[in-house]
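Geometric and topological summary
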Amino acid sequence: MASLFRITSNNIFRPSSRSFATAAQTKVASKSEPNTHFKITLRRSAIALGERKKETLVALGLHRRMQTVYQVHSPEAAGKILKVKELVEVENVPAKAVRSQSEQRKERKASRGYQVQGTKLGELAWEFS
């Protein structure tokens, strides 16, 4: 069995190139604001899974694929995330990055491509005062 550590000439254990620790890429968090929320996005469907997994997703507030919710860091939220870790993508974000459902919808919505300057509905003949 291959070892995850190799012995150097100084008898110091160092992770080998095949280590799990070096495979994971971590993002550098900003020092100004601490991460206080989980940003949870449902990436995979739970159709063929058991009722317990589906109930866990509902408890997290996830109902459809690609939906994103924010949860405050807590042991309860972390436990729920661990139950469905194969289905979701999780990021740690600061409080200022938390978006409500309506804010997320506005960010996704495309611009109209035009602006309404005025209407001529008030000038129509069937609208007498």
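Rules used in this analysis
- Residues numbered from 1 in each chain as written.
- Predicted model: local features only at pLDDT ≥ 70, side-chain atom pairs only at ≥ 80, totals over all residues.
- Heavy atoms only, no water.
- Pairing = 2+ DSSP bridges.
- Helix = DSSP H or I, 4+ residues; strand = E, 2+ residues; numbered from the N terminus.
- Buried < 20%, exposed > 50% of the residue type's maximum accessible area, 1.4 Å probe, protein only.
- Arc of directions from axis to C-beta.
- Contact = heavy atoms within 4.5 Å.
- Axes fitted to C-alpha atoms, helices over the stretch in contact; angles between N-to-C directions.
- Parallel < 35°, antiparallel > 145°, perpendicular 65-115°, else oblique.
- Left-handed = near helix turned anticlockwise from the far one by under 90°.
- Nonpolar A, V, L, I, M, F, W, Y, C, P; charged D, E, K, R; others polar.
- pLDDT = per-residue confidence, 0-100.

**A word on the pairing of strand β3 (residues 35–42)**
Two faces make up the sheet, and in a regular strand the side chains alternate between them. Relative to strand β5 (residues 88–94), β3 runs antiparallel, the two being bridged by seven bridges. Within β5, the position partnered with K39 by the bridge is E91. Bridging between β3 and strand β4 (residues 68–72) involves five bridges; their strand directions are antiparallel. Bridged to H37 within β4 is V72.

**Quick look at helix α2 (residues 51–60)**
When we look at burial in α2, the residues that qualify are T56, L57 and L60. Considered in projection along α2, the buried side chains sweep an arc of 100° and stay on one side of the axis. Where α2 is buried, its residues contact β3, β4, α3 (75–83) and β5. A positive phi of about 95° marks G61, the residue just after α2.

**Concerning the packing of α2 against α3**
Relative orientation of the contacting elements α2 and α3 amounts to 140°, with a least axis distance of 9 Å. Viewed along their axes, α2 and α3 adopt a mutual orientation that is oblique. Relative to α3, α2 is oriented so that their crossing is left-handed. Contact with α2, carried on its side by K53, T56, A59 and L60, involves A77, K80, I81 and K83 of α3 and no other residues of that element. Across the contact of α2 with α3, the residue classes break down as four nonpolar, one polar and three charged.

**Focus: the environment of R52**
Secondary-structure assignment places R52 in helix α2. Residues R52 and K83, 31 residues apart in the sequence, show an inter-C-alpha distance of 9.2 Å.

**Considerations on unusual backbone geometry**
Backbone geometry places M66, a non-glycine residue, at a positive phi of 65°. Structurally, M66 can be placed in the loop between α2 and β4.

**Side note on the confidence of the model for the protein chain**
Scored by pLDDT, the protein chain comes out at a mean of 80, with 70% of its residues at no less than 70. Of all secondary-structure elements in the protein chain, the lowest mean pLDDT belongs to helix α1 (residues 20–23), at 42, while α2 reaches the highest, 97. Per-residue pLDDT stays below 50 along residues 3–8; that stretch engages in 20 contacts with residues further than four places along the chain or on separate chains.

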